[in-house]
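# Coordinate analysis (summary)
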Amino acid sequence: MAASAVQAAQTAAVTTKSIAKSLLRDPSSIHSRCQAQQLHAQLLKGYSFPYTASSILAIYSRLCLPDDSFRAFSFIPSPSPSSWTSIISCSAAAGLFSHVLFLFQRMRSTGAPPNHKLLPNVLKACAALRSSKLGESLHACAISFGLDSDLFTGNALMNLYCKLGGFQNDLNRSEEMLSRDFGGGCASKIGILERNISRLSAGASPMDNVRKLFEEMPERDVVSWNTVIGGDVENGLYVEALRMVMEMISVGLRPDSFTLSTVIPIFAELGNVSKGKEIHGYTIRNGLDREVFIGSSLIDMYAKCTLVEYSYRVMGFLPNPDAVAWNSIIAASVQNGQFDEGLRLFREMLAVKLKPMAVTFSCLMPACAHLTTLHLGKQLHSYVIRGGFDGNVFVQSALVDMYAKCGNICVARRIFDAMPSVDMVGWTSMIMGYALHGPAYEALNLFRSMEMENGKPNYVAFVAVLTACSHAGLVDEAQKFFDRMTKDYGITPCLEHYAAVADVLGRAGKVEEAYDFISKMHIKPTSSVWSILLGACRVYKNAELAEKVAKKIFELEPSEIAPHLIMSNIYSASGKWKEAADMRMLMRKKGLKKQPACSWIEIKNKVHGFVAHDVSHPCYGNITEAWEALKDQMKREGYVPNTEDVLHDVEEEQKIANLCGHSERLAIVFGIISTPPGTTIRVTKNIRVCVDCHTAIKFISKIVGREIIVRDFNRFHHFKDNGCSCGDFW
């Protein structure tokens, strides 16, 4: 029995040895880490085959297992060129780019030469790290060893210069690096370098240099063309990119999914959706329309061209959409105002067991902000924390923006303060949040902190700080920021900046000055800019200037209803009832209908909507009863209705009755009777809060002892302690 057992063990050992040899001869049959580790274990038991260490390293590298590769590599006393190639390739595939460069430096210190398999990976790492100086050194290395004519090395060099933004021609520095890398006797190599690199002129654009490399390549494949096309797109050279696609086809190469997904966004940038549809047709004819890269690009293109229904169709034809495609369709919905649809698609994405990415939440947060659905925003925030995305700077910035726009500026500030590093989006979101909620000086102080910590604010940051000045009536500060934008940062003012300054002048009653400011803009004012001044004319009852401004608006946008309504109200406020009636007759003639004033409140995760004098709500009886009780208390506290904004030729009693039925009052009273004492009431209104409602809500807040937050068309109003965060300036 003992002899039989020994014989069986020997047979098993021979069999194992035979299998190990077979696997080493054909390592492609190993598909998992477990299989690779089992083979490695057998080799460590004592089988000594030639080059087994480098062979097992090659297997780990092919499976992209960096930890196992590093362990195997550490046991090789004198790595061969193939071992260096394996460990560097594995590091590059795993995204360990700094480690790639460290290993390459170690390899060069041993005198081992680079090869055509290894150098593209090192160039890839250099491109990812945006190392211009090292990029020049690697180019010199490729030329010195005659690898620059290799197809894969050439592709990697072009990709490197696309990422670096061009090559700086400095031969003296290149000579110094070349001497350090390759030792003495490099005169002939410098000659090669001069002949080959001097043609990349210092004054050329980044893509000119890339194109020169492309033209000098002895062999090109689809990747070569895609690299140049992608670089052109990245640098905004859209016409050049499309020309390259046509040339590619003319030499007999067929654009692949990468080519098409790269050029499809061009048509959104150029606003040429018809050409985009032609490319879409090409993908269908060539069977590429069901590839997720193509599908995601088409979804984005149609969304940016406001054809979101086409985006939905493209998504419907994708057989197995990945997370990128889902993110694209969610973003398409939100960008086009389909907020509920965006949230529904997110739930559908979760239902098919796809894990969201950081960008998913960055896309979704604006939906909650626009819908002002705080409970959904909180749910997403919880998901962010559970998924480990709360450390992502883009998600954190989106959360700051979402909480600010949903009325919870305190939570927005807490998230902002907890951010380890704040990007420009985070700064602008917080500054704009304060601008909309009232604390203007907090916004200005944050802007100054951003200047000190972040260096250079962008044009969006100036929109935010000018909005803060506008909402607080800080005329001098607004003018200073507007002047500094161009003087200190070289930012040319755009419509948003002009609109903000016009707004601050108009709100401060300087309507004639605002008119002159708009008239002298370096770009043609739009109807929206003139409308800001028209609104100020209404507040300050300047009918004469209002007529001049309205005339300009009607020329630009004859079918826009808001200026017609404002002029009708201005005439009514001035007692010009005939002119007001004529304006309303003109509106009817043009088929213009007034948007009804609506208010929304969220109670127990359900949104309730109200319009003025709304009797349709199931709780209308309770709302009316509670309002009558409140009204009596308000009178005792000193509330007197302000009927100036009731622009109808009716009796005073009827005017007061009209005010009592305003939609925000109904929503607020419903919130009071539907929530426990002390709960903050949050209401959203689609138009500006009237003067009387603003006064009334102060009294209501004081009587019931609650903070009431109302978001109207312009800003947030925090009513508390018989005051409002806007300082009665809105």
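Since this is a predicted model, take the numbers as computed values, not measurements.

This part is about the overall build of the chain. Counting its regular elements, the chain contains 38 helices and six strands. For the chain, with 730 residues in total, the buried portion stands at 48%. Look at the contacts in the chain between residues 6 or more apart in sequence, and 63% of them connect residues 24 or more apart. If you sum the accessible surface of the chain, you get close to 35000 Å²; carbon and sulfur atoms cover 54% of it.

Counting 115 residues, the largest nonpolar core has Leu533 and Leu534 as its most contacted members. It is helix H19 (residues 323–335) that provides the largest number of residues to this core, a total of eight residues. Those residues in contact with Leu534, other than ones at most four positions away along the chain, are Ala546, Val549, Ala550, Ile553, Pro563, Ile566, Met567 and Ile570. Val100, Ala127, Ala142 and Tyr161 belong to the second largest nonpolar core, which has 56 residues in total.

Further remarks concern the UniProt feature "repeat: PPR" (unreviewed entry) in the chain. UniProt's feature table lists "repeat: PPR" (unreviewed entry) at residues 80–114, 221–255, 322–356, 423–457 and 458–493, given in the numbering used throughout. With 74% helix and 0% strand, the stretch residues 80–114 has end C-alpha atoms that lie 11 Å from each other.

Looking now at the packing of helix H20 (residues 339–351) against helix H21 (residues 358–371). With their axes 9 Å apart at the nearest point, H20 and H21 run at an angle of 140° to one another. One way to sum up the angle between H20 and H21 is to call them oblique. The two elements H20 and H21 cross, and the hand of that crossing is left-handed. Together, Phe339, Asp340, Gly342, Leu343, Phe346 and Met349 of H20 and Thr360, Phe361, Leu364, Ala367, Cys368, His370 and Leu371 of H21 make up the contact between the two elements. When the residues that make up the contact of H20 with H21 are grouped by side-chain class, the tally is nine nonpolar, three polar and one charged.

Attention shifts here to the sheet that holds strand E5 (residues 716–720). Sheet architecture is open: six strands sit in the order E2-E1-E3-E4-E5-E6, paired in mixed fashion. For this open sheet the edge positions go to strand E2 (606–611) and strand E6 (723–724), each flanked by a neighbour on one side alone. Bridging between strand E1 (residues 598–603) and E2 involves six bridges; their strand directions are antiparallel. Residue pairing in the sheet places Glu602 in a bridge with Val607 of E2.

With that out of the way, let us pick up the side chain of Asp232. Along the chain, Asp232 turns up in helix H13 (residues 222–234). The exposure class of Asp232 is buried, given its relative accessible area of 0%. Look past the residues within four positions of Asp232 in its chain and what remains in contact with it is Met207, Arg211, Leu237, Glu240, Ala241 and Met244.

This brings us to a negative patch on the surface. A contiguous patch of negative charge, built from Glu512, Glu513, Asp516, Glu544, Glu547 and Glu579, is present on the exposed surface. Elements that contribute at least two residues to the negative patch include exactly helix H30 (511–519) and helix H32 (543–556). Ranked by residues supplied to the negative patch, first place goes to H30 with three residues. The exposure class assigned to Asp516 is partly exposed, which follows from its relative accessible area of 41%.

Rules used throughout
Starting afresh in each chain, residues are numbered from 1 along the sequence in its written order. Where totals are concerned, whole chains, interfaces and linings use all residues; where local detail is concerned, this predicted model gives features only for residues with pLDDT of at least 70, and gives and counts side-chain atom pairs only at 80 or more. The basis for the side-chain values is all heavy atoms of the structure; hydrogens and waters are excluded. Secondary structure elements follow DSSP: runs of H or I no shorter than four residues count as helices, runs of E no shorter than two count as strands, and numbering proceeds from the N terminus. To sort residues, take the accessible area from a 1.4 Å probe on protein chains only and compare it with the maximum for the residue type: under 20% means buried, over 50% means exposed, and anything in between is partly exposed. Any pair of residues with heavy atoms lying within 4.5 Å of one another is described as a contacting pair. Method for areas: the Shrake-Rupley scheme with a 1.4 Å probe, in which residue coverage is limited to the protein chains shown. Nine residue types can take part in a nonpolar core, namely buried Ala, Val, Leu, Ile, Met, Phe, Trp, Tyr and Cys, and a core is a set of them joined through side-chain atoms within 4.5 Å. UniProt positions are given in the numbering used here, feature names are shortened, and annotations may be inferred rather than shown by experiment. Axes, fitted as lines to C-alpha atoms, cover a helix only where it is in contact. Angles between the N-to-C directions of the axes lie from 0 to 180 degrees. Reported orientations rely on four angle classes, namely roughly parallel under 35 degrees, roughly antiparallel over 145, roughly perpendicular from 65 to 115, and oblique for the rest. By the definition used in this description, the sense in which the near helix is turned from the far one sets the handedness, with an anticlockwise turn below a right angle giving left-handed and a clockwise turn giving right-handed. In this count, Pro and Cys sit with the nonpolar residues alongside Ala, Val, Leu, Ile, Met, Phe, Trp and Tyr, while Asp, Glu, Lys and Arg are called charged and the others, Gly among them, polar. DSSP calls a pair of strands paired once it identifies at least 2 bridges connecting them. The residues that make up patches have over 30% relative accessible area and no salt bridge, and they are joined within 9 Å when like-charged or within 5 Å when they are Val, Leu, Ile, Met, Phe, Trp or Tyr. The term salt bridge refers to a pairing of a side-chain nitrogen on Lys or Arg with a carboxyl oxygen on Asp or Glu at a separation within 4 Å. Charge convention: Lys and Arg are scored as positive, Asp and Glu as negative, and His as well as the terminal groups of each chain are ignored. Working definition for charges: the position is that of NZ of Lys, CZ of Arg, CG of Asp or CD of Glu.

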